[in-house]
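Given next are the chains, with one letter for each unit.
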Amino acid sequence: MCPDPFVDRPADSRKADVLIVGAGPGGCAAAYDLAIRGARVLLLDRTEFPRRKICAGGLTVKAVRALRYPIDPVIRKTVSSLSISCRMRNRRQLSGVDPVCHMVERSAFDHYCLRQTMAAGVRFAVVGRIHHVAETVRGVSLVTDGGRIRCRFLIGADGVHSRVRQLTGRFPEIRAGLGVEGIVESIPTRERCLGFDFSRVPGGYGWVFPKAGHLNVGLYTSRADVRITRQDLLDYASARIGGPLPMHVAGFHLGLGGWRYRPGHGRILLVGDAAGLVDPLLGEGVYHAVISGQQAASAVSEALETGGDACRSYARRLLPVRRDLLFSRLASAVFYSLPAAGHLLLASPAAGSPLMDGFACGMPLPDIFFNPHRFIKKIWLRNKIL
Ligand SMILES: Cc1cc2nc3c(=O)[nH]c(=O)nc-3n(C[C@H](O)[C@H](O)[C@H](O)COP(=O)(O)OP(=O)(O)OC[C@H]3O[C@@H](n4cnc5c(N)ncnc54)[C@H](O)[C@@H]3O)c2cc1C
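Residues numbered from 1 in each chain as written. Predicted model: local features only at pLDDT ≥ 70, side-chain atom pairs only at ≥ 80, totals over all residues. Heavy atoms only, no water.

Let's shift gears to the overall build of the protein chain. Counting its regular elements, the protein chain contains eleven helices and 17 strands. Based on the C-alpha atoms only, the size of the protein chain along its principal axes is roughly 65 × 45 × 40 Å. Sorting the 386 residues of the protein chain into buried and exposed places 56% on the buried side. The long-range share in the protein chain, meaning contacts at least 24 apart out of those at least 6 apart in sequence, stands at 71%. Carbon and sulfur atoms form 54% of the exposed surface of the protein chain, whose accessible area is close to 16,600 Å². Across the protein chain, the centroid of the 52 positively charged side chains sits 3 Å from that of the 31 negatively charged ones. (Helix = DSSP H or I, 4+ residues; strand = E, 2+ residues; numbered from the N terminus. Buried < 20%, exposed > 50% of the residue type's maximum accessible area, 1.4 Å probe, protein only. Contact = heavy atoms within 4.5 Å. Areas by Shrake-Rupley, 256 points an atom, 1.4 Å probe, with all protein chains shown as cover. Lys, Arg positive; Asp, Glu negative; His and termini not counted. Charge placed at Lys NZ, Arg CZ, Asp CG, Glu CD.)

Enumeration over the complete set of coordinates arrives at zero disulfides. The thiol of C86 is unpaired, and the distance to the nearest cysteine sulfur, on C193, comes to 17 Å. Unpaired in this structure, C151 has its nearest cysteine sulfur neighbour in C311, at a distance of 12 Å. For C151, a relative accessible area of 6% gives the class buried. (Disulfide = S-S within 2.5 Å.)

Here we come to the sheet that holds strand β5 (residues 81-86). The sheet built from seven strands is open, its strands ordered β6-β5-β13-β14-β15-β12-β16 with mixed pairing. Looking along the sheet, the strands with just one partner apiece sit at the ends: β6 (89-95) and β16 (247-256). Each neighbouring strand pair of the sheet contributes to a mean axis angle of 20 degrees, computed without reference to strand direction. Of the pairings in the sheet, the one linking strand β14 (residues 204-210) to strand β15 (residues 215-221) comprises seven bridges and is antiparallel in character. By the bridge assignment, F209 is partnered in β15 with N216. (Pairing = 2+ DSSP bridges. Axes fitted to C-alpha atoms, helices over the stretch in contact; angles between N-to-C directions.)

Here we come to the sheet that holds strand β7 (residues 101-104). In space, the three strands of this open sheet follow the order β3-β7-β4, with antiparallel pairing throughout. Of all strands in the sheet, those with a lone pairing partner are β3 (58-60) and β4 (75-79), marking the two edges. Here the average twist between neighbouring strands, direction ignored, is 30 degrees. Here four bridges tie β4 to β7, and the two strands are oriented antiparallel to one another. Residue pairing for β7: V79 is matched across the bridge by C101.

Neighbouring the ligand are 35 residues; G26, D45, R51, G58 and D273 lie closest to it. Between an oxygen atom of the ligand and a side-chain N or O atom of D45, the distance comes to 2.6 Å. Within the contact set of the ligand, an oxygen atom lies 3.0 Å away from a side-chain nitrogen or oxygen of K53. Relative to its unbound accessible surface of 1,000 Å², the ligand loses 93% to contact with the protein. (Near = heavy atom within 4 Å. Polar contact = N/O pair within 3.5 Å; in protein donor to acceptor, adjacent residues only side chain to side chain.)

Residue P50 is bonded to the preceding F49 through a cis peptide linkage, with omega at 0 degrees. Positive phi, close to 50 degrees, is recorded for N90, a residue that is not glycine. As for its placement among the helices and strands, N90 is situated in strand β6. Phi at S199 takes a positive value of approximately 75 degrees, unusual for a residue other than glycine. Looking at the secondary structure, you find S199 in the loop between β13 (194-198) and β14.

Every buried residue of helix α5 (residues 230-240) is accounted for by L233, L234, Y236, A237 and R240. The buried residues of α5 occupy an angular sector of 165 degrees when the element is viewed end-on, so they sit on one face. Residue G242 follows α5 closely and has a positive phi angle near 60 degrees. (Arc of directions from axis to C-beta.)

A few words on the packing of aromatic side chains. Counted under the stated rule, the structure contains 14 aromatic pairs. Taken together, a centroid distance of 5.3 Å and an interplanar angle of 85 degrees make the contact between F335 and Y336 edge-to-face. The class of Y336 is buried, set by a relative accessible area of 13%. In textbook terms, an aromatic cluster arises when at least three aromatic residues are bridged by ring pairs, as seen for F196, F198, Y205, W207, F209, Y220, F335 and Y336. Directly above the ring of Y287 sits K62, whose terminal nitrogen or CZ lies 5.0 Å from the centroid. (Phe/Tyr/Trp six-rings, centres within 6.5 Å; stacked < 30°, edge-to-face > 60°. Lys NZ or Arg CZ within 6 Å of the ring centre and 35° of its normal.)

All right, on to the side chain of K62 then. For K62, the location among the structural elements is in helix α2 (residues 61-66). For K62, a relative accessible area of 10% translates into the label buried. Ignoring anything within four residues of it in the chain, the contact list for K62 reads E284, Y287, G362, M363 and P364.

In this section: the pattern of salt bridges. Think of it this way: side chains of opposite charge can pair up when their charged atoms draw near. Applying the stated criterion to the full structure yields 14 salt bridges. Across the salt bridge formed by D110 and R51, the nearest N and O atoms sit 2.9 Å from each other. Here D110 is found in helix α3 (residues 106-119), whereas its partner R51 is found in the loop between β2 (41-45) and β3, with 59 residues between them in sequence. For the residue pair D110 and R51, the accessibility class agrees, reading buried in each case. In this structure, E181 and R52 form a salt bridge, with 3.3 Å as the shortest nitrogen-oxygen distance. (Salt bridge = Lys/Arg side-chain N within 4 Å of Asp/Glu carboxyl O.)

Note that every value here comes from positions in space, so none of it alone points to a role or purpose.
Below you can see the structure in the form of structure tokens.
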């Protein structure tokens with residue numbers, strides 16, 4: 001892929017209707033939708049693809065359904081059951097008939113999404129450091145190592161440490177969770193489901209996710225004051241699965257706090273981790289990155305057509321996401337302060353069965369427990385289709 005596109009290029013290559021910084025799931029989702037609606041989109045990332053992305057690679061059914069194209073070529077395993085424990089004891093299995101999660105490797109998944117996005121007509125380029133962002137009534141300009149780029153709208157999809165967010169001062173209330181992961185090459189045969197171990201980390205959990213040829217093992221916390229070290233991960237892996245120690249251990253932050261994100265007004269929108277849209281309960285971020293990218297694309301294309309305020313329109317479209325995040329924030333506060341009780345509840349058929357059915361139908365957590373009408377309709381539809 002081309003290196004820096006803005007050096008020694010004709011002036012028109014430095015312009016786009018929409019500039020998107022960050023080619024992860026959020027940026028690609030926004031770029032794809034804008035391109036198929038006819039917008040000139042320039043998608044920038046600081047690295048070439050494929051690149052490593054620290055992530056467990058668990059895509060829920062709702063995340064896969066939200067994508068505009070099938071992702072079968074990059075699915076490494078499909079999982080229909082979960083196993084949960086508290087303090088590494090009382091392991092219970094929640095089994096379902098239908099898939100609840102599709103496992104991918106993020107480097108392959110992200111590269112695949114980028115290729116689909118480029119095939120839809122999006123230009124992609126690697127960009128150097130971004131120094132300055134300025135918004136006027138007519139558009140936005142971005143100063144990078146390679147020069148100035150002008151666009152009518154800017155979407156910041158550049159992850160939890162978003163440069164666009166820092167330079168524009170939007171959403172200072174972002175909070176960071178933390179995930180540390182490693183790879184165990186040989187799979188003990190008993191690991192067939194997604195494993196969650198609550199109480200291993202304050203405000204989070206340990207996980208063991210099976211993939212085609214290895215296990216992904218990790219620790220997650222939603223709390224900014226909790227540290228997770230490499231040794232914590234090694235200790236967890238050794239207690240949980242024994243055998244070979246995890247390799248390629250690495251950690252990264254997750255963008256939280258998006259229930260407070262208000263896009264305001266104007267031409268600069270944040271999506272995905274840049275806007276703190278990770279679900280704090282489970283640390284799932286790909287779904288909201290995709291949904292927010294698509295909502296940002298709808299808001300921007302409406303503004304391109306009508307001249308309206310893209311941020312206002314985006315704010316309205318983002319309300320269901322912020323509602324789900326607020327619910328998840330409250331649920332995680334209760335769950336992680338009483339993990340033993342939470343574990344007992346999840347292990348009971350009264351909560352476990354609807355949870356598995358809801359996940360398999362691709363429903364967000366609040367809808368599973370607080371929207372009986374929608375829940376029953378989805379289950380009925382699924383049974384009818386089967
Ligand atoms: C250890 C761990 C495990 C996780 N496991 C899961 C999971 O199993 N399932 C799940 O749904 N979520 C998981 N998440 C969360 C998930 O990875 C993120 O929520 C998701 O990737 C967010 O997508 P995004 O597009 O907003 O940002 P990202 O995927 O972070 O993409 C941002 C892109 O912006 C680029 N970028 C950054 N800065 C700049 C810059 N200055 N200029 C240009 N480009 C830039 C980056 O190179 C990157 O390509 C996990 C996170 C961690 C840390």
